[in-house]
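Architecture and fold: a report
One letter stands for each residue in the lines below.
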Amino acid sequence: MLKQTNRMTLVEQAAEQMEKLIESGTWPVGQKIAAEQELMEQLQISRNTLREAVRALVHAGLLKTRQGDGTYVVSSSKLGVVLQQRIEQTELLKTLEVRYALEREAARLAALRRDDEDIENLKQCIQDYEREAAGGDHEAFVAADIKLHISIVAAAHNELLNELYMHVIDAVTLTIQKSGCYPDHNEDFLLSHKKTVQAIIEGNISAAGEAVTQYIDVSKSSLGYEEI
């Protein structure tokens, strides 16, 4: 139930309440929010108030309405919206440099902090990555690549780093798609990714960072940029 205040309108209160549900992860990115009637009962507001609040969050970039389907969460915070808009205007080289900074530190921290569950997850991810690299489905390969990187960042056990990374995940995906890593650079990417995972499992901080440098260098080279 919404808490009444004198400083905010009902629409603003409703929008703030829903924004908190998004930021807390109660409504994760990709989730379809509940139907109008359910939300009206949950927030104890009118249909018009709810629609205005949803419209405000759509305008802010947190929600997106798909005609005939429903309304979905598309960003976990306003920061994510700003970052995504900025990234869309940024050349791939700069995005790769951001990837290097985030993924190198994530790999180093993962080598330091990974637990048994992380190790098992990374083993499965690299197996999936290797299987898709040997196949012919580029889309499946990119998905396996992204899943591996997300798992490495998660193994770093740094919530802020993980949140920042998830805000730029679309840009990360774009660099993987554009780099032409499959199939022309398949062997180089596979080897460097396997080295990254192995170094994390072994707790070798230096080797984990070096392995990230290797696959970022391959990405830059395939896009016609000089190595880091």
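Residues numbered from 1 in each chain as written. Predicted model: local features only at pLDDT ≥ 70, side-chain atom pairs only at ≥ 80, totals over all residues. Heavy atoms only, no water.

1. Digging into the overall build of the protein
Within the protein, the regular secondary structure consists of 11 helices and 2 strands. Counting from the amino terminus, helix and strand elements in the protein follow one another as α-α-α-β-β-α-α-α-α-α-α-α-α. A total accessible area of about 12500 Å² is found for the protein, and carbon and sulfur atoms account for 48% of it. (Helix = DSSP H or I, 4+ residues; strand = E, 2+ residues; numbered from the N terminus. Areas by Shrake-Rupley, 256 points an atom, 1.4 Å probe, with all protein chains shown as cover.)

2. What to know about the confidence of the model for the protein
Looking at the protein, pLDDT values average 86 and 88% of them are 70 or higher. Averaged over each element, pLDDT in the protein is lowest for helix α4 (residues 78–88) (65) and highest for helix α6 (residues 116–134) (95). (pLDDT = per-residue confidence, 0-100.)

3. Re the pattern of salt bridges
Tallied over the full model, the rule gives 11 salt bridges. In this structure, the salt-bridge partner of Glu36 is Arg51, at a minimum N-O distance of 2.6 Å. On the criterion of sequence distance, the pair formed by Glu36 in helix α2 (residues 36–43) and Arg51 in helix α3 (residues 47–60) is long-range, its members being 15 residues apart. Glu36 gets classed as partly exposed once you look at its relative accessible area, which sits at 27%. Arg131 is the salt-bridge partner of Asp128, the closest N and O atoms lying 3.0 Å from each other. Placement of both Asp128 and Arg131 in helix α6 is noted, with a separation of 3 residues, approximately one turn of the helix. (Salt bridge = Lys/Arg side-chain N within 4 Å of Asp/Glu carboxyl O. Buried < 20%, exposed > 50% of the residue type's maximum accessible area, 1.4 Å probe, protein only.)

4. Some details on the pairing of strand β1 (residues 63–66)
For β1 and strand β2 (residues 70–73), the ladder comprises 4 bridges, and the chain directions are antiparallel. Bridged to Thr65 within β2 is Thr71. Between β1 and β2, which follow one another and run antiparallel, lie 3 residues, and Gly68 among them has a positive phi close to 80 degrees. (Pairing = 2+ DSSP bridges.)

5. Details of unusual backbone geometry
Phi at Gln44 takes a positive value of approximately 55 degrees, unusual for a residue other than glycine. A positive phi angle is found at His157, which is not glycine, with a value near 55 degrees. For His157, the location among the structural elements is in the loop between α7 (138–155) and α8 (159–167). Since its relative accessible area comes to 43%, His157 is described here as partly exposed.

6. Some details on the packing of aromatic side chains
Throughout the structure, instances matching the rule amount to 1 aromatic pair. Taking 5.1 Å as the distance between ring centres and 50 degrees as the angle between the ring planes, the aromatic pair formed by Tyr129 and Phe141 counts as tilted. Taken together, the residues Tyr129 in helix α6 and Phe141 in helix α7 connect sequence positions 12 residues apart. Accessibility assignment for this pair places Tyr129 and Phe141 in one class, buried. (Phe/Tyr/Trp six-rings, centres within 6.5 Å; stacked < 30°, edge-to-face > 60°.)

7. Brief notes about the environment of Ala34
With respect to the helices, strands and loops of the structure, Ala34 is situated in the loop between α1 (10–23) and α2. Once the C-alpha coordinates of Ala34 and Thr71 are considered, the two residues, 37 residues apart in sequence, prove to be 8.3 Å apart.

8. Re the nonpolar core
Counting 38 residues, the largest nonpolar core has Leu122, Tyr129, Leu148, Leu161, Val172 and Ile200 as its most contacted members. When residues of this core are traced back to their parent elements, those giving at least two are α5 (92–113), α6, α7, α8, α9 (169–178), α10 (186–202) and α11 (205–222). Ranked by size, the runner-up nonpolar core spans 18 residues in total, among them Leu39, Met40, Leu63 and Val73. (Core = buried A, V, L, I, M, F, W, Y, C linked by side-chain atoms within 4.5 Å.)

9. Overview of the environment of Gln17
Mapped onto the elements of the fold, Gln17 is located in helix α1. Gln17 gets classed as partly exposed once you look at its relative accessible area, which sits at 29%.

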